[in-house]
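# Understanding the architecture of this molecule
In case you want the letters, here they are:
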Amino acid sequence: MLTQVFETLESNVRSYSRSFPAVFRKAKGSLMYTDNGDAYIDFLMGAGALNYGHNNDFIKKQLLDYMTEDYIMQGLDLFTVAKSEFITTFNELLLKPRGLHYKFQFCGPTGTNAIEAALKLARNYTRRSNVISFMGGYHGLSQGSLALTSNEYNRKAAGVGLHNVTFLPFENNSGGFDSLAYFEMILEDGHSGIEKPAAVILETVQAEGGVNVASPQWLAKLKAICEKHGILFIADDIQIGCGRSGDFFSFERAGIVPDIVVLSKSLSGYGLPMSMLLFKPELDVWQPGEHNGTFRGYQLAFIGGKAALEFREQSGLEAAVKEKSAFINRFLHEEIATADERIRIRGLGMMWGIDLSGFEDTLLAKKIAQDCFKKQLIVECVGREDRVIKLLPPLTVEQDILEKALGIVHDTLRQHLGAQVSVQATLA
Ligand SMILES: Cc1ncc(COP(=O)(O)O)c(C=O)c1O
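Residues numbered from 1 in each chain as written. Predicted model: local features only at pLDDT ≥ 70, side-chain atom pairs only at ≥ 80, totals over all residues. Heavy atoms only, no water.

Attention shifts here to the site of the ligand. The ligand sits among Thr110, Gly111, Thr112, Tyr138, His139, Gly140, Glu203, Asp236, Ile238, Gln239 and Lys265. Here a nitrogen atom of the ligand and a side-chain polar atom of aspartate 236 are 2.7 Å apart. Between the ligand and the protein, one listed contact pairs an oxygen atom with a side-chain N or O atom of lysine 265 at 2.8 Å. Contact with the protein chains covers 84% of the free accessible surface of the ligand, which is 390 Å². Within the shell around the ligand, the residues separate by chemical class into two nonpolar, six polar and three charged. (Near = heavy atom within 4 Å. Polar contact = N/O pair within 3.5 Å; in protein donor to acceptor, adjacent residues only side chain to side chain. Areas by Shrake-Rupley, 256 points an atom, 1.4 Å probe, with all protein chains shown as cover. Nonpolar A, V, L, I, M, F, W, Y, C, P; charged D, E, K, R; others polar.)

Here it is as structure tokens:
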């Protein structure tokens, strides 16, 4: 199928289709198929919305059964059986075993809408307007969330001033600058000129920012500072949550309990739009309807979300992710990082970055990603100037597909570096 219809009639705002200009028709598991039947390995995975793979059979069955019975599809925020079962399952399978006590708030269906809700809640609860965000953070592109997103390119499109946010450097991306010491200084010095914030918001692993992983120690220290000063800690788990970090919640590894958790993307299990806040019950200062929205009750997303949690339990997904993560980690360090000392590898669970910002060629990562696409592997570039290749396989990725994809990255990278291609025994 020709791409002309998109190129002539779809707005210039389209983005992913510029890097991956094929017309897709079908998808299953880790693969997407074009209209001509060509199979692509998808390591973009709906930018994190497809943790359980495309058209996961276990989840699909429950969705189809639900639709066959003509159960309610759109429910605003009415009480429904589907919503009740989702809340109960989430509470029983995830919150209770972790000793977490949260209230649920269903938001408009995109991640950015839940971020807007988190901002409003934090500001109304604390009666403060400033919020701390981190350089490299991505929290969405509506006006409030865009104010928290550091990328200059995105910010310029706002058309208005983006205020009430103070940015700090993130850990490991600050050239040795101790941003937590600076944060404490700001809070304790009456001459800092920076308003005491309502909240701190962060991704514990910055995804779009270049796969920057905060250490458990740094996260715990940040949380302790927040507690000491009565500042809310908001974990944006939209991309790194729902099992991608290895645990269901990305902050578990730091042993901290955020005041507010934001979830979306893979929450519905099937790529269906859904977003949600979890927050400590005492924060629930909302008045009825203060954060309303028509599509807060997409019942199929509740069904898919519940099925995804059951799938996770029944398939032993968490253990499988830890195994695959160890495989990727070892491969990237032993087979890719060894190609050149300027390559840096970062990641956790099933989100990995190959950082090529140490090379003079600012387009190197993009060229490699483009060549991977020619070999039918879809990988995105992220970070400053898009110089980090991000690998985002589904958590369910089959071992042979994982090895094939890593082999493509390996060979393409080595070709670009002019090094000898030596596919290792692991890929034989
Ligand atoms: C960490 C994070 N927060 C927020 C968002 C915004 O979500 P959405 O694109 O659904 O508005 C994204 C999207 O990529 C994200 O990765």
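Here we have seven strands laid out as an open sheet, ordered E4-E12-E11-E10-E7-E5-E6, and mixed in their pairing. In this open sheet, the two edge strands, each paired with only one partner strand, are strand E4 (103–106) and strand E6 (165–168). Each neighbouring strand pair of the sheet contributes to a mean axis angle of 20 degrees, computed without reference to strand direction. Summarising the sheet, strand E5 (residues 131–134) and E6 pair through four bridges and their orientation is parallel. Note that in E6 the partner of valine 131 across the bridge is valine 165. Against the sheet, helix H5 (residues 81–95) contacts E4, strand E11 (260–263) and strand E12 (276–279), and its axis sits at roughly 135 degrees relative to E4. (Pairing = 2+ DSSP bridges. Helix = DSSP H or I, 4+ residues; strand = E, 2+ residues; numbered from the N terminus. Axes fitted to C-alpha atoms, helices over the stretch in contact; angles between N-to-C directions. Contact = heavy atoms within 4.5 Å.)

Right, let's talk about the packing of aromatic side chains for a bit. Under the criterion given, the structure shown has 20 aromatic pairs. Look at phenylalanine 134 and phenylalanine 170: their rings are 5.8 Å apart centre to centre, the planes differ by 75 degrees, and that puts the pair in the edge-to-face class. You can see phenylalanine 134 sitting in strand E5 and its partner phenylalanine 170 sitting in the loop between E6 and helix H9 (179–188), a full 36 residues away along the chain. Ring centres of phenylalanine 134 and tryptophan 218 lie 5.4 Å apart, and the angle between their planes is 65 degrees; on these two criteria the pair is classed as edge-to-face. (Phe/Tyr/Trp six-rings, centres within 6.5 Å; stacked < 30°, edge-to-face > 60°.)

Listing the buried residues of H9 in full gives Ser179, Leu180, Phe183, Ile186 and Leu187. Taken end-on, H9 shows its buried residues confined to a sector of 115 degrees, consistent with a single buried face. Where the residues of H9 are buried, they touch E5, E6, strand E7 (199–202) and helix H10 (216–229). Two or three places before leucine 180, at the start of H9, stands the capping residue aspartate 178, its side-chain oxygen 3.2 Å from that residue's backbone nitrogen. (Buried < 20%, exposed > 50% of the residue type's maximum accessible area, 1.4 Å probe, protein only. Arc of directions from axis to C-beta.)

With that settled, the discussion passes to the state of the cysteines. Here the structure, examined in full by the defined rule, presents zero disulfides. Among the cysteines around cysteine 107, which has no disulfide bond, cysteine 242 carries the closest sulfur, lying 14 Å off. Taking the relative accessible area as the measure of exposure, cysteine 107 reaches 2% and is therefore buried. (Disulfide = S-S within 2.5 Å.)

Inspection of the secondary structure assignment puts glycine 111 in helix H6 (residues 111–126). Through-space distance from the C-alpha of glycine 111 to that of serine 275 is 5.7 Å; in sequence the pair is 164 residues apart. Residues within four places of glycine 111 in sequence aside, it is in contact with Ile238, Ser264 and Ser275.

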